[in-house]
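Coordinate inspection notes
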Amino acid sequence: MTDLERLIELEAIRHMKARRDHAVDRKDWDTYAALHSDDYVAMSIGAVPIVGGKAAAAALAVQMAGVTTVHHCHTPVIEFQDSHNATGVWAMEDNLFWYRNGEKQWLRGFGFYHETYRKEADGLWRFTYRKLERTHAETSPGARAIAADFSGENLIVGVG
């Protein structure tokens, strides 16, 4: 890849990532599914990997029902294996807000998304893999059980 081609493809991947975060926060599951390949592997939605963009979108739609989310991703390290395959690590912060038994619950997480991308036959980049590595999480008292992280501050460590 020339330097110019690399910059163009980097911007396309950054744009795809922004659209993904916006789709989650807006609960736009059709857009979310379209940004992921048919063989995409989601390691961050539950304990068992989910395969396929449509399946991942459907699982998130259930998991995030009634939850307001705010995602921030930044400082990406994106590396190209070739002109059609790349890896990325993004620093992230996610904020989740919901009610359980009439009480407001929240989670504020920090960490990294580890991802792979492929430029497909239609010329668009799509996600092929994602795993969330939470390095720290803060929660309301009723939400500690879902705050898996590696900080040692929460009861469930390294899940996800």
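In this text the structure is predicted, and so the values were computed from the model without any measurement. (Residues numbered from 1 in each chain as written. Predicted model: local features only at pLDDT ≥ 70, side-chain atom pairs only at ≥ 80, totals over all residues. Heavy atoms only, no water.)

With that settled, consider the layout of surface pockets. Its boundaries defined by the atoms lining it, the second largest pocket holds a volume of some 170 Å³. Taken together, Ala12, His15, Met16, Arg19, Ala34, Leu35, Gly123, Leu124, Trp125 and Arg126 make up the lining of the second largest pocket. Within the residue set of the lining of the second largest pocket, elements represented by two or more residues are α1 (3-26) and β6 (125-139). At four residues, the largest contribution of residues to the lining of the second largest pocket is made by α1. For the lining of the second largest pocket, the class distribution of residues is six nonpolar, two polar and two charged. (1 Å grid on protein atoms, 1.4 Å probe; cavity = no way out; pocket = protein on both sides within 12 Å on 5 of 7 lines; lining within 4 Å. Points joined across faces, edges and corners; volume = space filled by probe spheres on them. Helix = DSSP H or I, 4+ residues; strand = E, 2+ residues; numbered from the N terminus. Nonpolar A, V, L, I, M, F, W, Y, C, P; charged D, E, K, R; others polar.)

This part takes up the environment of histidine 72. Structurally, the position occupied by histidine 72 is in strand β3 (residues 68-82). The contacts of histidine 72, once residues within four sequence positions are left out, are Ala91, Met92 and Glu93. (Contact = heavy atoms within 4.5 Å.)

Taken together, the buried positions of helix α3 (residues 53-63) are Gly53, Ala56, Ala57 and Leu60. Mapping the buried residues of α3 onto a view down its axis gives an arc of 100°, with all of them on the same face. Facing away from the buried side of α3, by more than 90 degrees, are the exposed residues Lys54 and Val62. Elements that come into contact with the buried residues of α3 comprise α2 (29-34), β1 (36-42) and β2 (50-51). (Buried < 20%, exposed > 50% of the residue type's maximum accessible area, 1.4 Å probe, protein only. Arc of directions from axis to C-beta.)

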